[in-house]
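Structural overview for review
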Amino acid sequence: YSQDHYKRDPTPVPAPNEYEPPTYSHDKFEAPPTKENYSKELRNVPAKGREWSEIEIAKGIVSLNSQLFDEAIKHFETALKQDPRNFVALEYISSTYERRGDLNMAIGFLAKAKHLAPKGRWGQINFQIGRLYLALKNNERSEIYLRLALAQGGQVTAVNYTLGYLLYLEERFFEAEY
C-alpha cells in the first residue's frame, strides 16, 4: 500500500443529533393490492423443483396423521415426482404402509430410501428396517439390521433396547445383558 492509503478520510462524521438512519429498499416496499381469492391462490403452489416437494411432504404428513393413507401416499409420490432423490418422501411412504399393517412394503420403501440417503442416515434407516423385521418375527434379519444400525450410530439407545429385547426373546440372556 502507498502512504496515501493510510491517511484519514477527510469527510466529517455527523454529530449524533444529525444522524439520519439509512433507508433500505424494504422500507419503501408497498404491499400489492389484496386479491379476492388471495388465500386460495397461496394454496396453489406451483410444482417446480425440489424445494416444492417439501410442501407435498408436509401435506402428506397432515394426511398421514389424519389416517388418510391413500391421500398421504399421493402427496409423498408427488414429492418424489418433483424430486426423485428425496429419500424422506420414501421414508414417509414406508411409514404409511407400516401404519396400514403392510410391513413388507414398508421395508421395501425403506430399502429404496437407504440407496438414496447419505451415509449419515443409514444407521437410522437400518434401525427402522430391523424394527420392522422384528415385528414380522424374522429375528435373524432383524438382528443383522439392528447390529448394522449400531455400527452406523443410528439411535443408539433405541437400537440397544430393541436388540436387547430381541436377544431376550431368543433366550440369549448373556448376550442381552452385554
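Just so you know, these numbers come straight off a predicted model, no measurement behind them. (Residues numbered from 1 in each chain as written. Predicted model: local features only at pLDDT ≥ 70, side-chain atom pairs only at ≥ 80, totals over all residues. Heavy atoms only, no water.)

Looking only at helices and strands, one finds nine helices and zero strands in the protein. Ordered by position from the N terminus, the helices and strands of the protein form the series α-α-α-α-α-α-α-α-α. Nonlocal contacts in the protein, meaning residues at least 24 apart in sequence, comprise 47% of its contacts between residues at least 6 apart. Within the structure as shown, the protein displays about 13100 Å² of accessible surface, and the carbon and sulfur contribution to it stands at 54%. (Helix = DSSP H or I, 4+ residues; strand = E, 2+ residues; numbered from the N terminus. Contact = heavy atoms within 4.5 Å. Areas by Shrake-Rupley, 256 points an atom, 1.4 Å probe, with all protein chains shown as cover.)

A few words now on the environment of I129. Within the secondary structure, I129 sits in helix α6 (residues 119–135). A residue is classified by how much of its surface remains accessible, and I129, at 2% relative accessible area, is buried. It is 8.0 Å that separates the C-alpha atoms of I129 and L146, two residues lying 17 residues apart in sequence. (Buried < 20%, exposed > 50% of the residue type's maximum accessible area, 1.4 Å probe, protein only.)

Looking now at helix α7 (residues 139–151). Taking 1.5 Å per residue, 13 residues should reach 18 Å; α7 reaches 18 Å between its end C-alpha atoms and fits that length. Burial in α7 covers these residues: N139, S142, E143, Y145, L146 and A149. Considering only its buried residues, α7 is in contact with α5 (103–116), α6 and α8 (156–169). Trailing α7 by a residue or two, G153 shows a phi angle of about 75 degrees, which is positive. (Expected span 1.5 Å × (residues − 1).)

Moving on to the packing of aromatic side chains. Under the counting rule described, the total for this entry stands at three aromatic pairs. Here Y133 and Y145 contribute two aromatic rings whose centre-to-centre distance is 5.8 Å and whose plane-to-plane angle is 25 degrees, an arrangement assigned as stacked. With Y133 in helix α6 and Y145 in helix α7, this residue pair connects regions lying 12 residues apart in the sequence. We note that Y133, like Y145, is buried. Geometry around F109 places K112 over its ring, the cationic atom sitting 4.9 Å from the centre. (Phe/Tyr/Trp six-rings, centres within 6.5 Å; stacked < 30°, edge-to-face > 60°. Lys NZ or Arg CZ within 6 Å of the ring centre and 35° of its normal.)

Now for the environment of R131. Here R131 lies in helix α6. Residues R131 and A158 lie 27 residues apart in sequence; the distance between their C-alpha atoms is 9.8 Å. Every residue in contact with R131, bar those within four places of it in the chain, is listed here: E98 and L146. For R131, the side chain forms a polar contact with the side chain of Q128, separated by 2.6 Å. (Polar contact = N/O pair within 3.5 Å; in protein donor to acceptor, adjacent residues only side chain to side chain.)

In the predicted model, the protein carries a mean pLDDT of 80, and 70% of its residues have values of at least 70. Mean pLDDT in the protein bottoms out at helix α1 (residues 38–43), which sits at 50, and peaks at helix α4 (residues 87–100), which reaches 95. (pLDDT = per-residue confidence, 0-100.)

Our focus in this paragraph is helix α2 (residues 53–65). Across its 13 residues, α2 extends 18 Å between first and last C-alpha, which sits within 8% of the 18 Å expected from 1.5 Å per residue. Restricting attention to buried positions, one finds in α2 the residues S53, E56, I57, G60, S63 and L64. Along the long axis of α2, the arc covered by the buried residues comes to 120 degrees, so they all point the same way. Across from the buried face of α2, at angles greater than 90 degrees, the exposed residues are V62 and N65. (Arc of directions from axis to C-beta.)

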